[in-house]
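# Understanding the architecture of this molecule
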Amino acid sequence: MPLYELGLGSEKIHVVIDIGSYHTKIGFAGEASPRHIIPSYNVKSNNEVVNICDPKLTKEELSDELITFVHAIYFRYLLTNPKDRKIVVCENFLQRELFRETLADVLFKQFSVVGIMMTPALPLALIPIGTPTGLIVNVGYHDTSVICVYEVELGTHAHLMAIQRMISESGTVQVGNESKKASELYGEFELSVLEDIRARTCFCGERPVELKDPSFVQSGVITEHRASDMRYPMSDGHHLVVSGKIRERSIEVLYDGDGEDNSIATLVLDSLLKCPIDCRVDLASRILIIGGGSMLAGFDHRLKQEMAALLDHSRFSKLTPGKLKFYKPNYFRNTMSWTGGAIMGSVEHLHERYISRDFYNAKGSATLPNWSSLAPQLKDSYQSSGTPTRRSSTPLRDFMSSPLSSSTLPPISNLALS
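Notes on the structure in this doc start here. Treat the numbers as computed from the prediction; the structure is a model and nothing was measured. (Residues numbered from 1 in each chain as written. Predicted model: local features only at pLDDT ≥ 70, side-chain atom pairs only at ≥ 80, totals over all residues. Heavy atoms only, no water.)

## Examining the overall build of the chain
Applied cut-off: Helix and strand definitions here come from DSSP, where helices need a minimum of 4 consecutive H or I residues and strands a minimum of 2 consecutive E residues; each element is numbered from the N-terminal end. To be clear on the numbers: accessible area is Shrake-Rupley with a 1.4 Å probe, and residue cover counts the displayed protein chains and nothing else.
Counting its secondary structure elements, the chain contains 14 helices and 17 strands. Roughly 20100 Å² of accessible area belongs to the chain as shown, and the carbon and sulfur atoms make up 50% of that amount.

## Here we look at the pattern of salt bridges
This is how it is decided: Every case where a carboxyl oxygen of Asp or Glu lies within 4 Å of a side-chain nitrogen of Lys or Arg is listed as a salt bridge. Three exposure classes are used, based on accessible area relative to the maximum for each residue type with a 1.4 Å probe and protein chains only: buried under 20%, partly exposed in between, and exposed over 50%.
The tally for this structure, following the rule as stated, stands at 13 salt bridges. We note a salt bridge from Arg333 to Asp300, for which the minimum N-O separation is 2.4 Å. Here Arg333, found in the loop between α10 (299-310) and α11 (336-345), pairs with Asp300, found in helix α10; they are 33 residues apart in sequence, far enough to count as distant. For Arg333, a relative accessible area of 16% translates into the label buried.

## A closer look at the sheet that holds strand β9 (residues 144-149)
Note the cut-off: At least two bridges found by DSSP between two strands is the condition for calling them paired. To obtain an axis, a line is fitted to C-alpha atoms, over the contacting stretch when the element is a helix, and the angle between two such axes runs from 0 to 180 degrees between their N-to-C directions.
Here three strands make up an open sheet; going across it, the order is β9-β8-β14 and the pairing mixed. Either end of the sheet is taken by a strand with one partner, and the two such strands are β9 and β14 (287-290). Across the sheet, the mean angle separating the axes of adjacent strands is 15° when strand polarity is ignored. Note: strand β8 (residues 134-139) against β9, six bridges, orientation antiparallel. For Val137, the partnering residue across the bridge sits in β9 and is Val146.

## Considering empty space enclosed by the protein
Where we set the bar: A cavity here means a set of 1 Å grid points, computed over protein atoms only, where a 1.4 Å probe fits but cannot escape. A pocket is an open set with protein on both sides within 12 Å along at least 5 of 7 lines, and lining residues have an atom within 4 Å of a point. Grid points are joined across faces, edges and corners, and a volume is the space filled by probe spheres set on the points. Think of it as three bins: nonpolar holds Ala, Val, Leu, Ile, Met, Phe, Trp, Tyr, Cys and Pro, charged holds Asp, Glu, Lys and Arg, and polar takes everything else, Gly as well.
By volume, the second largest cavity amounts to about 70 Å³. Along its surface, the second largest cavity is lined by Ile19, Val89, Cys90, Glu91, Asn92, Gln95, Phe99, Arg100 and Leu103. Contributions of two or more residues to the lining of the second largest cavity are made by β6 (87-91) and α2 (97-110). Class assignment for the residues of the lining of the second largest cavity results in five nonpolar, two polar and two charged.

## Digging into the packing of helix α4 (residues 156-170) against helix α6 (residues 191-201)
Going by this rule: Should an angle lie under 35 degrees it is considered roughly parallel, over 145 roughly antiparallel, and from 65 to 115 roughly perpendicular; all remaining angles are considered oblique. Residues count as neighbours in contact if any of their non-hydrogen atoms are within 4.5 Å of one another.
Two elements in contact, α4 and α6, have axes whose closest approach is 10 Å; the angle formed by their N-to-C orientations is 90°. Here α4 is positioned roughly perpendicular relative to α6, judged by the angle of their axes. Facing Thr156, His159, Leu160, Met161, Ile163, Gln164 and Ile167 of α4, the residues of α6 in contact are Leu191, Leu194, Glu195, Ile197 and Arg198. Residues that form the contact of α4 with α6 fall into these classes: seven nonpolar, three polar and two charged.

## A short note on the sheet that holds strand β12 (residues 230-233)
Strand order in the open sheet made by the four strands is β11-β10-β13-β12, with antiparallel pairing throughout. The open sheet is flanked by β11 (178-181) and β12, the only strands paired with a single partner. On average, each strand axis in the sheet is inclined to that of its neighbour by 35°, with strand direction left out of account. Those strands touched by α6 are β12 and β13 (239-242), and its axis lies near 145° from that of β12.

## Topic: α4
Just so we agree on the cut-off: A helix is expected to span 1.5 Å for every residue after the first.
Across its 15 residues, α4 extends 21 Å between first and last C-alpha, which sits within 8% of the 21 Å expected from 1.5 Å per residue. Inspection of α4 places Thr156, Ala158, His159, Leu160, Ala162, Ile163, Gln164, Met166 and Ile167 among the buried residues, and these make up the whole buried set. Tucked into the core, α4 has its buried residues touching β8, α5 (182-186), α6, β13 and α7 (244-249).

## Focus: the packing of aromatic side chains
The geometry of an aromatic ring pair is captured by two quantities: the separation of the ring centres and the angle between the planes. What counts, and what does not: Two rings from Phe, Tyr or Trp (for Trp, the six-membered ring) form a pair when their centres are within 6.5 Å of each other. A pair whose planes differ by under 30 degrees is stacked, one over 60 is edge-to-face, and the rest are tilted. Geometrically, a charge over a ring is one whose NZ (Lys) or CZ (Arg) sits within 6 Å of the ring centre while staying within 35 degrees of the ring normal.
Taken as a whole and assessed by the stated rule, the structure comprises five aromatic pairs. Ring pairs connect the aromatic residues Tyr22, Tyr41 and Tyr141, which therefore count as one cluster. A cation over a ring is seen here: Arg302 above Tyr255, with NZ or CZ 4.6 Å from the ring centre.

## Describing the nonpolar core
Condition: Nonpolar cores were defined as sets of buried Ala, Val, Leu, Ile, Met, Phe, Trp, Tyr and Cys residues, with membership established by side-chain atoms within 4.5 Å.
Ranked by size, the top nonpolar core spans 47 residues in total, and within it Leu240, Ile287, Phe299, Leu303 and Met307 carry the most contacts. In terms of residues, this core owes the most to one element, helix α8 (residues 264-273), which gives five residues. Beyond its immediate sequence surroundings of up to four residues, Ile287 is in contact with Leu135, Val137, Val268, Met307, Leu324, Lys325, Phe326 and Tyr327. Counting 46 residues, the second-largest nonpolar core is a separate cluster that includes Val88, Leu124, Tyr354 and Phe359.

## A short note on the state of the cysteines
Put plainly, two cysteines are in a disulfide when a covalent bond ties their sulfur atoms together. Inclusion rule: Criterion for a disulfide: a pair of cysteine sulfur atoms within 2.5 Å.
One pass over the full model with this rule turns up zero disulfides. No disulfide involves Cys204; its sulfur sits 9.3 Å from the nearest other cysteine sulfur, which is in Cys202. Assessed through its relative accessible area of 6%, Cys204 is described here as buried. For Cys279, which is in no disulfide, the shortest distance to another cysteine sulfur is to Cys275 and amounts to 6.5 Å.

## Some remarks on the side chain of Glu65
Within the secondary structure layout, Glu65 lies in helix α1 (residues 59-78). Excluding its chain neighbours within four sequence positions, the residues that come into contact with Glu65 are Asn42, Lys44, Val50, Ile52 and Leu57.

## Describing the packing of α8 against α10
Applicable threshold: Left-handed describes a crossing whose near helix is turned anticlockwise from the far helix through less than a right angle; right-handed describes the clockwise counterpart.
Put simply, α8 and α10 touch, their axes get as near as 9 Å, and they point 60° apart. Of the two possible hands of crossing, α8 and α10 adopt the one that is right-handed. On α10, the residues touching Ile264, Ala265, Thr266, Val268 and Leu269 of α8 are Phe299, Leu303, Glu306, Met307 and Leu310.

## What to know about α6
In plain terms, the rule: Taking the helix axis as origin, the arc is that swept by the directions to the C-beta atoms.
Among the residues of α6, those classed as buried are Leu194, Ile197, Arg198 and Thr201. Viewed along the axis of α6, the buried residues span an arc of 100°, placing them on a single side of the element. Of the exposed residues in α6, those oriented more than 90 degrees away from the buried face are Ala199 and Arg200.

Right under this line is the structure:
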């Protein structure tokens, strides 16, 4: 038994899993960061890569992939027995129902977990900063989602494709004393290489001075930039020249819009407009940006510039300028939801939120909370003792409204990450 479990009673520390469309964070409740961040896919013996979040997978295929994936989580990475611990699943509440039902089925029937608490990932990100109110912008791999919490296809992938396109058009490779076209030597790069190029060389620059008008969709590629060129080492010993234009302006794909007047900035402002008028000021001053796609240098500053510029447009005239404020959490943005789940999993008074194995086997997938429904739900849930309870509020509201002590919530000083 690990040393950190000594003296904590008979119940083992809960496992926390945050499954994203490209990466999955795994670890134990009460810890400040995940033990591991792993790809959300399986590699078969023939080197075929299968993403477990692929919507094209049938129920049988998905079940097989999840069995392999969950087995690796428990026995390769966490090195723990799934039958000994409850599990907190930080789920995307826009995920298809087949995925969540199959995941619960695999966890209960194949791995015999003690209990599962499924809770939406985005609101969990507010727990580490200790507030029940905020506007959360999640810049994920495939898309960006915005959710407003009051009192209680633009993403990283698009940026990677923009980098690939710009390198194919004008990228060069230094081969000795010669410069050759990158497209002729390498063709299309693997996503892992593009991700590394993005992380090592790219950043969000200032809003281009050319954008004098408040129109949403800009035509053409912004050419003005101030960044210098960088040399990126390739595996064959050559160096790819990443131009200053690519480094600074490839991110424009997230702000130029998708052809339907939608960009990250318009998503945030449209979300504010759809909120009750008396909530808008509080939400606009409590914006939390999470997700690995938002970890580029200058991302917050640039997003604030875009939003401030759009406030001059008639579409957003009902919003008040000068009220936009962003949280600066002491946690890594790509693990904020996982950290919220780890904190929630360590709170003892939420144990009735878990669905037990016996209750699931008796009632089936109907016991799972349906986060995609807008109607309030009153569902029976069973504690480990089997006692039914009525459930009419959300775990986030329960957590924020309940008194916390040092025994239930880890000290902030221990959770903060530099």
